[in-house]
Amino acid sequence: MATVSTAASDPDMRRVVTLVEELLREFPPATTDTTEFLKAQFDRGLAWVQFPAGRGGLGLPRNLQVTVQELLSAAGAPTMDHYLGNALGVGMIAPALVRHGRPDQWDAYLRPMFCGEEIWCQLFSEPAAGSDLSALRTRAVLDGDDWVINGQKIWTTAAHRAGRGLLMARTGDLESRHRGLAAFVVDMRDPRVDVRPLRQIDGSAHLNEVYFDDLRVPAADLIGAPDEGWQVAITIMMNERVSIGGGSAGEGSQALAEVVEVWRRREDRDPVMRDRLVQLAIKTRAADLLNRKAARDLAVDNPGPEGSLAKLIYSQLKQGVYEFGMDALDSEALLFGSYAFHHPEDHVPDGFEIQRHYLFARGDSIGGGTSEVMRNVIGERVLGLPKEPRP
Amino acid sequence: MTVDGARLDPSEYDELRQVLRAFFARCQPSEPPAEHTPPLDRGPWLRMARELGVQGLLVPERWGGAGATLAEVGLVFEEAGRALHPFPLLSTIGLATPALLASGNEVAMKRYLPGIADGSRVATLAFVEPAGRWNPGSYDTTAVARADGWQVSGVKDYVLDGGEADLVLVVADSADGQVMLAVDPRQPGVRVIDRPALDRSRSLARVELEAAPATLVAGPGRAPEALRHTVDTALVCLAAEQVGGGERCLEMSVGHARERVQFGRPIGSFQAIKHRCADMLVELESGRALQRAALEQVLHHSPDRHIATAMAKSFCSEMFRHLAAENIQIHGAMGFSWEFEAHRHYKRATAAAVLFGSPLDHRLRLAELLDY
């Protein structure tokens, strides 16, 4: 259903299409090393077309990136599958660096991030600051040319393999809430950073706790002003909720395909189950259409709250799809492979993927903003409903 | 404003939308009809044709229309749906016009389309029978070709705007297969009986035919495909109307939730209401996305269009009904009141869900089409 034709007359679109064709010609995806391909993609400004020229972009409208992804994906080039290892960096942190950081920071971080040489993590949540991020307590105190960081983060995705982290810390007093926060780039390999795995529902360790014990961060690694952290966090969270994968089949379609396979293995055609599956297929189509639209509608670099819609829909949808998958498995749903500790990147499919995805899908409506927070954002920022009065 | 030739540039949609919204706002019935669906007020209907060219949107220019596309028609239905319009739009431009166009019958098009475009002719399609099966199939109504023309006999039911129609296109089975015929309801052998409709904004009739004189519009080689295409088009139009209705219900709910104060604060600041509204938006936008995709697929005659229209109709039916129900709930006792608009949307939504096949009907068909 890919329709690139809508704006084929647009000169920006033509330029992007030509650049992608050149990239594919000079670096045939089938015979090019992934990192080398991504470096070439970055150097041609096709990493994030909305970024400045020379910094992985072309200064073009962000929605043209969807076209880039569609064309690359159709040519078998590394796209979403690669980014998944560094989705936080490429999809969320990079736009915040460009919006709030300095050109020297762009030059230092963007290229290694995009080609996967440096994995990033996002150090936001704390034990006492989950949905209410403005309650965070990790301290940053200026000492000479360094900021000294002390505190604890939790639920940090990919911290165990990250080289860099984007840290949200408090520069003001606790009462300053969202006004007294700053964003820093931290070196995750520093011995003053202690990363400890946290296991999730399926035994895997996607998430971590991260402890900072007098970590010294050079003042140059502050992103924006010492009180600009909240704005940086908003930029990151808005990007978090918009998938950059407009060209791929879509998260929902993949989950649906898995359970359709299970359904087709069954010998019966129970009408109630069958109708549930059709309902899920309809919702999947709707979610993928909306996600595509959200990706296309993006302004230059400030996704709006509409991304919350896609996040809310996908999390509910995936839970419904895998619940159906379990019901379709019937007695087989009683079985599970291994709950042994492992990092997600070391996971080897063991024939119990529906069960694993079913369990893990519970986290979809929690991570990256709970569904309740999403509904608040939609209610207040899209529909304009009044905020809840503070006690 | 007028629409001339082919598809509008999307930048012009806003203007068209404004014009339609203003027009439909003037045509709001003041009082909800109690005893029966009120007869069509031909004045506004004629003005809609002359001033806005709505009835002629799909009609080619040589027959007095604008030669526009289903995209513009979809917009009309969205706006009409918002306004709970009282017009025979779904019958005339959602069913009869696409049926005539799909027939490929130049004589019939030349004869009937100009009158549709100028507002002088209300037209409908009678295909469903008392059994109430909306999915095109075989019919008990029979048509016979005689030396002096066709004759058609049988009973059609749930005929949209049958009581207002100046032209009834009848689908019937003949010795050689399915045919589509034009019937003048004022001819002998035709009896049109108004049905008491749950949704008083849209009239339904039963049409009894006893050797009624008829004119062939599409023969067996053409009629089944023409009917299928017509139903796909009507599904997209109805889904657009449901999106418009859903949009209006959400708008009313949000407006009320912002204004209404209880326990010292606007009720929209309570998560119980706010989250309900957020979920309504999610449903509305999902429905809109499915409806727009279906429209594009029918417009481009894409191979998956039957899947897309069935998905859109199934989802938008449940979406509109749910949003109309939530709208009543959020408005409290006022939402349940006769004088207030909310119950009319709920009735429209309830009837629209059944029209052209229930959500379950469409999903059963989808299960086959998707090979589940």
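The structure presented is a predicted model; accordingly, all values stated were derived computationally and were not measured.

Asker: Hey, could you run me through the overall build of chain A in this one?
Answerer: Within chain A, the secondary structure is distributed over 12 helices and 8 strands. At 22 Å, chain A has a C-alpha radius of gyration in line with the 21 Å of a compact globule built from 391 residues. Taken along its principal axes, the extent of the C-alpha atoms in chain A is 70 × 50 × 45 Å. Here chain A holds 391 residues, and the buried ones make up 51% of them.

Asker: Hey, could you run me through the domain arrangement of chain A in this one?
Answerer: Note on interface size: it is often stated as the accessible area lost on association of the parts. Residues and elements named next belong to chain A. Here chain A is described as being made up of domain 1 (12-114), domain 2 (120-227) and domain 3 (241-382). When each unit is reduced to the centre of its C-alpha atoms, the spacing between domain 1 and domain 2 is 27 Å. Facing the 13 residues of domain 1 at the interface are 13 residues of domain 2. For the pair domain 1 and domain 2, the summed buried surface comes to about 1100 Å²; carbon and sulfur atoms form 60% of the total. Together, Leu 88, Ile 93 and Tyr 109 form the three largest contributors to the area buried by domain 1 at its contact with domain 2, with a combined 45%. At the boundary of domain 1 with domain 2, the tally comes to 0 salt bridges. Joining domain 1 to domain 2, the criterion identifies 6 residue pairs in polar contact (both at pLDDT 80 or more). Secondary structure elements with two or more residues in the side of domain 1 that touches domain 2: helix H5 (87-100) and helix H6 (103-114). The element contributing the most residues to the side of domain 1 that touches domain 2 is H5, with 6 residues.

Asker: In this structure, what is going on with the confidence of the model for chain A? I would like to understand it.
Answerer: The predicted coordinates of low-pLDDT regions are not to be read in fine detail. All names here are of chain A. Residues with a pLDDT of 70 or more make up 91% of chain A, whose mean pLDDT is 89. Mean pLDDT across the secondary structure elements of chain A bottoms out at helix H4 (residues 80-83), with 56, and peaks at strand E6 (residues 193-198), with 98. Counted against residues more than four places away or in other chains, residues 1-8, with its pLDDT under 50, gives 12 contacts. Of the regions scoring below 50 in pLDDT, residues 243-249 engages in 16 contacts with residues more than four places distant in sequence or in other chains.

Asker: Would you explain the interface of chain B and chain A in this entry?
Answerer: Every contact between the two is made by 34 residues of chain B and, on the other side, 35 residues of chain A. Interface of chain B and chain A: buried area, both sides summed, is about 3100 Å²; carbon and sulfur atoms make up 67% of it. Our count for the chain B to chain A interface comes out at 5 salt bridges. For Glu 388 of chain A, the salt bridge is made with Arg 265 of chain B, and the minimal N-O distance between the two is 3.5 Å. Run the count over chain B and chain A and you get 13 residue pairs in polar contact (both at pLDDT 80 or more). Mapped onto the side of chain B that touches chain A, the elements with two or more residues apiece are helix H6 (223-259), strand E9 (265-266), helix H7 (271-299), helix H8 (305-330) and helix H10 (359-369) of chain B. Per element, the largest residue contribution to the side of chain B that touches chain A is 14 residues, and it comes from H7 of chain B. Residues that form the side of chain B that touches chain A fall into these classes: 19 nonpolar, 7 polar and 8 charged.

Asker: I would appreciate a short explanation of unusual backbone geometry in the present structure.
Answerer: Comment: phi is negative for the bulk of residues other than glycine, and the bulk of peptide bonds are trans. Look at Asp 214 of chain A: it is not a glycine, yet its phi comes out positive at around 55°. Along the chain, Asp 214 of chain A falls in strand E7 (residues 207-218). On the basis of relative accessibility, which here comes to 38%, the residue Asp 214 of chain A falls in the partly exposed class. If you check the backbone angles, Phe 263 of chain B has positive phi at about 55° while not being a glycine. Examined against the element boundaries, Phe 263 of chain B turns out to sit in the loop between strand E8 (261-262) and E9.

Asker: It is not clear to me how the nonpolar core should be interpreted in this structure. Could you clarify?
Answerer: In summary, soluble globular proteins display a tendency toward joint burial of nonpolar side chains. Core analysis: the biggest nonpolar cluster contains 158 residues, and Phe 24, Leu 89, Phe 127, Leu 169, Met 180 and Phe 356 of chain B have the highest contact counts within it. Sorting elements by how many residues they give to this core places H6 of chain B first, with 16 residues. Discounting chain neighbours no more than four positions away, the residues touching Phe 127 of chain B are Leu 95, Trp 134, Tyr 139, Lys 156, Val 171, Leu 227, Val 231 and Phe 356 of chain B. Counting 35 residues, the second-largest nonpolar core is a separate cluster that includes Trp 48, Leu 136, Val 232 and Ala 233 of chain A.

Asker: What exactly am I supposed to notice about the packing of helix H1 (residues 13-26) of chain B against helix H2 (residues 42-52) of chain B here?
Answerer: Residue and element names in this part refer to chain B. Where H1 meets H2, the closest approach of the two axes is 11 Å, and the angle between their N-to-C directions is 165°. The angle between H1 and H2 falls in the class roughly antiparallel. Judged by the sense of rotation from one axis to the other, the crossing of H1 with H2 is right-handed. Note on element contacts: H2 touches H1 through Pro 44, Arg 47, Met 48, Glu 51 and Leu 52, opposite Val 19, Leu 20, Phe 23, Phe 24 and Arg 26. Residue classes in the contact of H1 with H2 are distributed as 7 nonpolar, no polar and 3 charged.

Asker: When you look at the environment of His 342 of chain A in this model, what are you seeing that I'm missing?
Answerer: Within the element layout of this structure, His 342 of chain A appears in the loop between helix H10 (306-329) and helix H11 (353-360). His 342 of chain A sits 140 residues away from Asp 202 of chain A along the chain, and the two C-alpha atoms are 9.7 Å apart.

The rules behind these values
- Residues numbered from 1 in each chain as written.
- Chains lettered and ligands numbered in written order.
- Predicted model: local features only at pLDDT ≥ 70, side-chain atom pairs only at ≥ 80, totals over all residues.
- Heavy atoms only, no water.
- Helix = DSSP H or I, 4+ residues; strand = E, 2+ residues; numbered from the N terminus.
- Rg over C-alpha atoms; globule rule 2.2 N^0.38 Å.
- Buried < 20%, exposed > 50% of the residue type's maximum accessible area, 1.4 Å probe, protein only.
- Domains from an automatic or database assignment.
- Contact = heavy atoms within 4.5 Å.
- Buried area = accessible area lost by both parts, 1.4 Å probe.
- Salt bridge = Lys/Arg side-chain N within 4 Å of Asp/Glu carboxyl O.
- Polar contact = N/O pair within 3.5 Å; in protein donor to acceptor, adjacent residues only side chain to side chain.
- pLDDT = per-residue confidence, 0-100.
- Nonpolar A, V, L, I, M, F, W, Y, C, P; charged D, E, K, R; others polar.
- Core = buried A, V, L, I, M, F, W, Y, C linked by side-chain atoms within 4.5 Å.
- Axes fitted to C-alpha atoms, helices over the stretch in contact; angles between N-to-C directions.
- Parallel < 35°, antiparallel > 145°, perpendicular 65-115°, else oblique.
- Left-handed = near helix turned anticlockwise from the far one by under 90°.

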